[in-house]
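# Remarks on the overall topology
For reference, the chains in residue letters:
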Amino acid sequence: MIHQPPAGARDLLPLDVTQKRWIEKRLRPVFEGWGYHRIITSTVERLDTLMAGGAIAQSTVIQLQEREEDSPLALRPELTASIARTAVTRMTDTTFPQRLYYNANVFRRSKNNSHNSQQEFYQAGVELLGVGGLLADAEILLLLQDCLQSLGLHQWRLILGESGLTRSLLRIFPEPLKHKVREAIAQLDRLTLEALPLTPEQQERALFLFDLRGRPEDVLQRVGQLELEPGERETLENLKSLIDLLEESARSNGSTTVAPILDLSLIQSLDYYTGIVFEVVSETEFGPQSLGQGGRYDRLLSLYHPQGEMIPGIGFALKLENLHQILLQTGQLPTTTPATQTLVVPTSPRAYAAAFAHAQTLRQNGEYLPVELDLSPYSSQSAVRQYASDRGIAQIAWIEGEGKAEIEIVG
Ligand SMILES: N[C@@H](Cc1c[nH]c[nH+]1)C(=O)O
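Residues numbered from 1 in each chain as written. Predicted model: local features only at pLDDT ≥ 70, side-chain atom pairs only at ≥ 80, totals over all residues. Heavy atoms only, no water.

The name given to the protein chain in an unreviewed UniProt entry is ATP phosphoribosyltransferase regulatory subunit, with Oscillatoria acuminata PCC 6304 as the source organism. A UniProt comment under Function (unreviewed entry) is attached to the protein chain, and it reads "Required for the first step of histidine biosynthesis. May allow the feedback regulation of ATP phosphoribosyltransferase activity by histidine." In its Pathway (unreviewed entry) section, the UniProt record describing the protein chain reads: "Amino-acid biosynthesis; L-histidine biosynthesis; L-histidine from 5-phospho-alpha-D-ribose 1-diphosphate: step 1/9." (UniProt positions renumbered as here; feature names shortened; annotations may be inferred.)

### Thoughts on the overall build of the protein chain
A count of helical and extended segments in the protein chain gives 14 helices and 16 strands. In terms of principal-axis extent, the alpha carbons of the protein chain reach across some 90 × 60 × 50 Å. When contacts within the protein chain are restricted to residue pairs at least 6 apart in sequence, those whose partners lie at least 24 apart make up 69%. For the protein chain, the computed accessible surface area is about 21,800 Å², with 52% contributed by carbon and sulfur atoms. Looking at charge distribution, the protein chain has the averaged site of its 38 positive side-chain charges lying 2 Å from that of its 51 negative ones. (Helix = DSSP H or I, 4+ residues; strand = E, 2+ residues; numbered from the N terminus. Contact = heavy atoms within 4.5 Å. Areas by Shrake-Rupley, 256 points an atom, 1.4 Å probe, with all protein chains shown as cover. Lys, Arg positive; Asp, Glu negative; His and termini not counted. Charge placed at Lys NZ, Arg CZ, Asp CG, Glu CD.)

### Quick word on the pattern of salt bridges
Counted according to the given criterion, the structure contains 20 salt bridges. For Lys20, the salt bridge is made with Glu24, and the minimal N-O distance between the two is 2.6 Å. Of this pair, Lys20 and Glu24 both sit in helix 1 (residues 14-33), four residues apart, which is roughly one turn of that helix. Comparing Lys20 with Glu24, the two get one shared label, buried. When the shortest N-O distance is used, the salt bridge between Arg85 and Glu45 registers 2.9 Å. Taken together, the residues span a long stretch of sequence, with Arg85 in helix 3 (residues 80-90) and Glu45 in strand 2 (residues 44-46) at a distance of 40 residues. For Glu45, a relative accessible area of 4% translates into the label buried. Put simply, Asp137, Arg296 and Asp298 are held in one network by salt bridges that share partners. (Salt bridge = Lys/Arg side-chain N within 4 Å of Asp/Glu carboxyl O. Buried < 20%, exposed > 50% of the residue type's maximum accessible area, 1.4 Å probe, protein only.)

### A few points about helix 3
Since the α-helix turns once every 3.6 residues, residues separated by three or four places project in the same direction. Of all eleven residues in helix 3, eight are buried, a share of seventy percent or more. Within helix 3 the residues assigned to the buried category are Thr80, Ala81, Ser82, Ile83, Ala84, Thr86, Ala87 and Val88.

### Considerations on the nonpolar core
Of all hydrophobic cores here, the largest spans 64 residues; its most connected members are Phe31 and Phe316. Counting residues per element, this core draws most heavily on helix 4 (residues 134-150), at eight residues. (Core = buried A, V, L, I, M, F, W, Y, C linked by side-chain atoms within 4.5 Å.)

### Observations regarding the sheet that holds strand 1 (residues 37-38)
Strand order in the open sheet made by the nine strands is 1-5-6-12-11-10-7-9-8, with mixed pairing throughout. Each edge of the open sheet is held by one strand with a lone partner, namely strand 1 and strand 8 (213-214). Here strand 7 (residues 156-162) runs beside strand 9 (residues 261-263); their pairing, made up of two bridges, is parallel. Paired with Leu160 across the two strands is Leu262, which belongs to strand 9. Against the sheet, helix 3 touches strand 5 (98-107) and strand 6 (120-129), its axis set at about 40° to strand 6. (Pairing = 2+ DSSP bridges. Axes fitted to C-alpha atoms, helices over the stretch in contact; angles between N-to-C directions.)

### Looking at the UniProt feature "binding site: L-histidine" (unreviewed entry) in the protein chain
Using the residue numbers shown here, the UniProt feature "binding site: L-histidine" (unreviewed entry) corresponds to Glu78, Leu79, Thr80, Arg108, Gln123, Glu127, Tyr272 and Tyr273. Lining the largest pocket, from the residues just named, are Arg108, Gln123 and Tyr273. Relative to the helices and strands, Thr80 is located in helix 3. Taking the relative accessible area as the measure of exposure, Thr80 reaches 7% and is therefore buried. In this structure, Thr80 is in contact with Tyr102, Glu127, Tyr272, Tyr297 and Leu300, ignoring residues within four places of it in sequence. (1 Å grid on protein atoms, 1.4 Å probe; cavity = no way out; pocket = protein on both sides within 12 Å on 5 of 7 lines; lining within 4 Å.)

### Focus on the pairing of strand 13 (residues 342-346)
Consecutive side chains of a regular strand alternate in pointing toward one face of the sheet and then the other. Counting buried residues in strand 13 gives five out of five residues, a clear majority hidden from the surface. Here strand 13 runs beside strand 14 (residues 371-373); their pairing, made up of three bridges, is parallel. For Leu343, the partnering residue across the bridge sits in strand 14 and is Glu372. Sheet topology note: the strand 13/strand 15 (residues 395-399) ladder contains five bridges and is parallel. Bridging from a neighbouring strand, Pro346 pairs with Ile399 of strand 15.

This is how it looks when you write it as structure tokens:
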């Protein structure tokens, strides 16, 4: 059926694009203000690049039909893997840290495979490559906060986890069970978790992990009571330092940010994270809505590096559709496409060339304020005025045969 788009595809009409650009225009100066440079990577990647390190399940990737002898290709479901690949294979003579940002579409097949669910999404995000540690983690979280502030969003919470620590606390489970426990926690599925064949000790640990979220000081204290290995204690200390630093930065900035929710049961569906993981959630009348997510991935780049060199990385992606929805509710987005400034109307065929010339002069003088030509030569003056007023056009330039322009301000 040639009149239908493929299932799950998206067409953005001019007003959608105007609103999307409103969001992008606010994010770009924030990214650039923090020293990030835009990168554009290929929409199509090799399947093995996208899935390196178990980053994403094959079932959620949209594959492309290729010749059998070629390695399978797919549409990118996210950008971190592509940027990691590009950074270590194409930007070899650059020094770290690298600060990169993007604004691009991604494609994901919905899990339940339902025919019409959306498969194309837009993300704006950043990757900070080549630096680990407290300061880099804090930079990314403060930048994320700055992005949301620049969009005028205040009703959101940061949920912060630590994938290394969570993985480590899961180590008491034997392999096939560990995966199931992890899945049930990731899906917040308590019933499945309780039904798993676990020993009483394992069950206690599973439920302990499941409920490990709340005010940072409470969660840190609860984990601190466990018998931890030195590495785990150190991670816990780092997490505390990060939370303190975020709070202190907010205070010295004079802003009153709400403390993050510390959630050591936070498990992201992407499996390349090695350190902090986080999600930004907005409270809406329909329940919480995720606005973006990210985390630290210190092993991913080594998978693409020719010598397997370890290069740390951290970043986040904001979900533009969800931001769009929230911003529509707050009434901040433009409700019309940008109006034309001047409608240039040739009053006779002899004025056609002069009309084009006049319009061009206006465009060049007016720093490309939109100027459009009236293309229906026989429309009456009242029809022209009606058209201009309907479209919110500020003025009409009537062009006479000899090129003279008479300006009329539209009432
Ligand atoms: N690429 C991740 C987000 C992210 C960026 N950097 C690190 N994580 C996603 O799409 O969920």
